[in-house]
Amino acid sequence: AIELYAEAFLDLANAPLATLDAFVNKHGPDFYGLPRHTRTRTLTRRAWRPPAFYPFAGPDGKLVPLRAQQDVLWALDDDHLRHQDG
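Procedures and definitions
- Residues numbered from 1 in each chain as written.
- Predicted model: local features only at pLDDT ≥ 70, side-chain atom pairs only at ≥ 80, totals over all residues.
- Heavy atoms only, no water.
- Helix = DSSP H or I, 4+ residues; strand = E, 2+ residues; numbered from the N terminus.
- Buried < 20%, exposed > 50% of the residue type's maximum accessible area, 1.4 Å probe, protein only.
- Contact = heavy atoms within 4.5 Å.
- Salt bridge = Lys/Arg side-chain N within 4 Å of Asp/Glu carboxyl O.
- Phe/Tyr/Trp six-rings, centres within 6.5 Å; stacked < 30°, edge-to-face > 60°.

**Things to note about the overall build of the chain**
Secondary structure assignment for the chain yields 2 helices and 4 strands. Reading the chain from its N terminus to its C terminus gives the helix and strand order α-α-β-β-β-β. Taken over 86 residues, the chain has a buried fraction of 19%. The contacts of the chain with a sequence gap of at least 6 include a subset with a gap of at least 24, amounting to 54%.

Next up, the structure:
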């Protein structure tokens, strides 16, 4: 889902990256009374396509992702998942 937020904030709204960061890491957790995130994730502007479905324990055994088999312009790079200091 964060990849689609990146499209909305950075590509469609031409908002600065700090706006997306604040929305995801500060305003959301603050609004819901949750702790702020302590990890960072790297988004890369790289097109990819979600699969037609993911296996799921539902009635038909499938979960169809939003934008299935359509280009998503940002990709989450979980290889760069790390903890922030402080």
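**Section: unusual backbone geometry**
The phi dihedral of R67 is positive, around 65 degrees, even though this residue is not glycine. Inspection of the secondary structure puts R67 in the loop between β3 (62–63) and β4 (72–83). By relative accessible area, which is 26% here, R67 ends up partly exposed. In this model, Q69 sits at a positive phi of 60 degrees, which is unusual for a non-glycine residue. Structurally, Q69 is set in the loop between β3 and β4.

**Focus on the pattern of salt bridges**
For the coordinates displayed, the defined rule picks out 5 salt bridges. D71 is paired through a salt bridge with R49; the nearest N and O atoms lie 2.8 Å apart. In this pair, D71 sits in the loop between β3 and β4 while R49 sits in the loop between β1 (39–48) and β2 (54–55), placing the two residues 22 residues apart along the sequence.

**Describing the packing of aromatic side chains**
Under the definition given, this model contains 3 aromatic pairs. Ring geometry for Y5 and F23: centres 5.4 Å apart, planes at 55 degrees, overall tilted. Note that Y5 is positioned in helix α1 (residues 2–12) and F23 in helix α2 (residues 17–32), a separation of 18 residues in sequence. Its relative accessible area of 38% is what places Y5 among the partly exposed residues.

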